[in-house]
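Examination of the molecular architecture
The residues making up each chain are set out below.
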Amino acid sequence: MLVEWKAALRTDDLARPRMSDRHPSEQSLSVHLSHSKADQHGIGSTIGIAAFSPEAAVGEGSAESTLLDAGAAWTRWRDLLGSHGILEGPAWRGIDRYGRRPRTSGLHRNSIAEIIKRRAATAGLEDAELWGGHSLRRGFATEAIAAGVPERDVQRHGRWCSRASMDPYIDAAHTFDPTNPTHWLT
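So, here is what we can say about the structure in this document. (Residues numbered from 1 in each chain as written. Predicted model: local features only at pLDDT ≥ 70, side-chain atom pairs only at ≥ 80, totals over all residues. Heavy atoms only, no water.)

**Notes on the overall build of the chain**
Looking only at helices and strands, the chain has 7 helices and 5 strands in total. When the helices and strands of the chain are listed from N to C terminus, the series reads α-α-β-β-β-α-β-β-α-α-α-α. Computed over its C-alpha atoms, the radius of gyration of the chain comes to 18 Å, within 12% of the 16 Å expected for a compact globule of 186 residues. The C-alpha extent of the chain, read off along each of the three principal axes, is 60 × 45 × 35 Å. Expressed as a percentage of the 186 residues in the chain, the buried residues total 35%. Long-range contacts, defined here as pairs at least 24 residues apart, represent 45% of the contacts in the chain between residues at least 6 apart. Carbon together with sulfur atoms contributes 55% to the accessible area of the chain, which is approximately 11,400 Å² in total. One finds the centroid of the 23 positive side-chain charges in the chain at a distance of 8 Å from the centroid of its 23 negative side-chain charges. (Helix = DSSP H or I, 4+ residues; strand = E, 2+ residues; numbered from the N terminus. Rg over C-alpha atoms; globule rule 2.2 N^0.38 Å. Buried < 20%, exposed > 50% of the residue type's maximum accessible area, 1.4 Å probe, protein only. Contact = heavy atoms within 4.5 Å. Areas by Shrake-Rupley, 256 points an atom, 1.4 Å probe, with all protein chains shown as cover. Lys, Arg positive; Asp, Glu negative; His and termini not counted. Charge placed at Lys NZ, Arg CZ, Asp CG, Glu CD.)

Encoded structure:
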């Protein structure tokens, strides 16, 4: 989920990635999309997810410091699959009911939506049943804009074709920002 959140993938793109579409390096994790809603002709695009910054560490030097490092998360997952002899094929797979062996087939987008709902409920988020695949994309845009990332950069990374298509995310990000006039009311 971390990789898909930071790549700001559309729901249809969540279940499609192959292991060969992920390329970790010291600088980043590259995520290749062979086609998507905005690329119907299959030209393809590559999304870069910057390497984890030690300055953003929650608990520097501890396991918590890499919790949001998508490259490290992908490498751990790839290595787990590799330990079971799985070196190619779907990137995201189910695990057997005992939590020991990855399945050979990829996850269906509906399964991914259910996983997101369960994780949201486990995290104690309100209205967890309303969460789904699009929540990752929406969450990326909202969090990036709220953190001060320029809107044009968020639009480019998320492959939004127009600024207008990002308006709902921008509105959500600005709900309680410093420009909210209620901050000045007593």
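Moving on from the coordinates now.
**Considerations on the sheet that holds strand S1 (residues 22-24)**
An order of S1-S2-S3 is seen for the 3 strands of this open sheet, with the pairing classed as antiparallel. The two strands at the open ends of the sheet, each matched to only one other strand, are S1 and strand S3 (45-50). The mean inter-strand angle of the sheet, taken between neighbouring strand axes irrespective of direction, is 20°. Two strands pair when backbone bridges link them, and S1 and strand S2 (residues 28-33) are joined in this way by 3 bridges, in the antiparallel orientation. Its bridge partner being in S2, Pro24 is matched across the sheet by Leu29. Here helix H3 (residues 70-83) sits on the sheet in contact with S1, S2 and S3, set at roughly 115° to S1. (Pairing = 2+ DSSP bridges. Axes fitted to C-alpha atoms, helices over the stretch in contact; angles between N-to-C directions.)

**Let's talk about helix H6 (residues 151-158)**
Residues Val154, Gln155, His157 and Gly158 constitute the buried set of H6. Buried residues along H6 cover an arc of 165° about the axis, so they all sit on one side. Exposed positions of H6 whose direction lies more than 90 degrees from the buried face are Arg152 and Arg156. The inward-facing, buried residues of H6 contact helix H1 (2-6), S3 and helix H5 (133-146). Note on H6: the residue one or two positions beyond its end, Arg159, has a positive phi of about 60°. (Arc of directions from axis to C-beta.)

**What about the environment of Arg93?**
Inspection of the secondary structure puts Arg93 in strand S4 (residues 93-95). Judged by its relative accessible area of 6%, Arg93 falls in the buried class. In this structure the C-alpha to C-alpha distance between Arg93 and Thr122, which are 29 residues apart in sequence, comes to 20 Å. Of the polar contacts made by the side chain of Arg93, one reaches the backbone oxygen of Glu88; its length is 2.8 Å. (Polar contact = N/O pair within 3.5 Å; in protein donor to acceptor, adjacent residues only side chain to side chain.)

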